[in-house]
Amino acid sequence: MRQLAFILVAAMFLLAGCASPNWPGLQDNTALGERQVNTTEWQGRLSLRIQSEPATSMSAGFLLRGEASHGRLDFYSPLGTTLASLRWAPHDVQLQQGGQLQRFNSLDELTEQATGATLPVSALFDWLNGVPSLSPGWQADLSQLPQGLLLAQRVSPTPAVQLRIKLD
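Predicted model, so just to flag it, every value in this text is computed and none were measured.

Participant: Provide a residue-level description of the side chain of Arg72, including the pertinent values.
Facilitator: Mapped onto the elements, Arg72 comes out in strand β3 (residues 71–76). Here Ser85 takes part through its side chain, which lies 3.2 Å from a polar atom of the side chain of Arg72.

And the structure:
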């Protein structure tokens, strides 16, 4: 019985290795002479608190893939239902939510619409890689990253924003 379980798990990993994301910039196009894009991914829980009047907050599971120039960020409910999918490439920034697709002019507009606050996506990739990148108005605490915890806060412009990421 144990051998059967091991074989099934191994087969799932092999099949997963054959899958590729269906989004421009996330597939390996090196055979076409294009540069290869980092397809590192992070998943866990994300919470965001905006110190507006009244204060607002959101919390969701997430899966972040790609890099600052080409990527995808999916938000999930506790039951695993996709709440929203944010996708970006140099000339295409979009939000898929509730069966509707919206396009935006910038990643800042996209993150503000999806979360209620503009998020520093470029810095976020650096922070998750342990690089203490600067982002105007943001302060990141990477000291707990080895334990899978990233804390960041926006101190300007107002309202203040607290971002907390717990990696799985």
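Participant: Can you tell me about the sheet that holds strand β4 (residues 82–89), naming the residues and giving the values?
Facilitator: Strand order in the open sheet made by the nine strands is β6-β5-β4-β3-β2-β1-β9-β8-β7, with antiparallel pairing throughout. Unpaired on one side and paired on the other, β6 (100–104) and β7 (138–141) mark the two borders of the sheet. Ignoring strand direction, the axes of neighbouring strands in this sheet form an average angle of 20°. In this structure, strand β1 (residues 41–50) lies alongside strand β2 (residues 56–66), joined through ten bridges in antiparallel fashion. Residue pairing across strands places Leu48 opposite Met58, the latter belonging to β2. Against the sheet, helix α3 (residues 121–128) makes contact with β1, β2, β4, β7, β8 (149–154) and β9 (161–167), and its axis sits at roughly 70° relative to β2, the strand it touches most.

Participant: Summarise the pattern of salt bridges; cite the residues concerned and give the values.
Facilitator: Taken as a whole and judged by the stated rule, the model has three salt bridges. Close ionic contact of Arg72 with Asp74 constitutes a salt bridge, the shortest N to O distance being 3.0 Å. One exposure class covers both Arg72 and Asp74, and it is buried. Ionic pairing is found between Asp92 and Arg103, a salt bridge with its closest N-O pair at 2.6 Å. Of the two residues, Asp92 sits in strand β5 (residues 92–97) while Arg103 sits in strand β6, which places them eleven residues apart along the sequence. What makes Asp92 partly exposed here is its relative accessible area of 23%. Overall, Arg103 belongs to the exposed group, its relative accessible area being 54%.

Participant: Got a sec to walk through the packing of aromatic side chains? Specific residues and values, please.
Facilitator: Evaluated as defined, the whole model comprises three aromatic pairs. Both rings, one in Trp42 and one in Phe125, keep their centres 5.7 Å apart while their planes meet at 70°; by these two values the pair is edge-to-face. With Trp42 in strand β1 and Phe125 in helix α3, the pair connects residues that are 83 residues apart, well separated along the chain. Side by side, Trp42 and Phe125 carry an identical accessibility label, which is buried. Where Trp127 meets Trp138, the ring centres are 6.4 Å apart and the plane angle is 50°; that geometry is what we call tilted. In this pair, Trp127 is assigned in helix α3 and Trp138 in strand β7, connecting sequence segments eleven residues apart. Look at Trp127 and you get buried, because its relative accessible area is 1%. Members of the aromatic cluster, connected to one another through ring pairs, are Trp42, Trp88 and Phe125.

Conventions used here
- Residues numbered from 1 in each chain as written.
- Predicted model: local features only at pLDDT ≥ 70, side-chain atom pairs only at ≥ 80, totals over all residues.
- Heavy atoms only, no water.
- Helix = DSSP H or I, 4+ residues; strand = E, 2+ residues; numbered from the N terminus.
- Polar contact = N/O pair within 3.5 Å; in protein donor to acceptor, adjacent residues only side chain to side chain.
- Pairing = 2+ DSSP bridges.
- Axes fitted to C-alpha atoms, helices over the stretch in contact; angles between N-to-C directions.
- Contact = heavy atoms within 4.5 Å.
- Salt bridge = Lys/Arg side-chain N within 4 Å of Asp/Glu carboxyl O.
- Buried < 20%, exposed > 50% of the residue type's maximum accessible area, 1.4 Å probe, protein only.
- Phe/Tyr/Trp six-rings, centres within 6.5 Å; stacked < 30°, edge-to-face > 60°.

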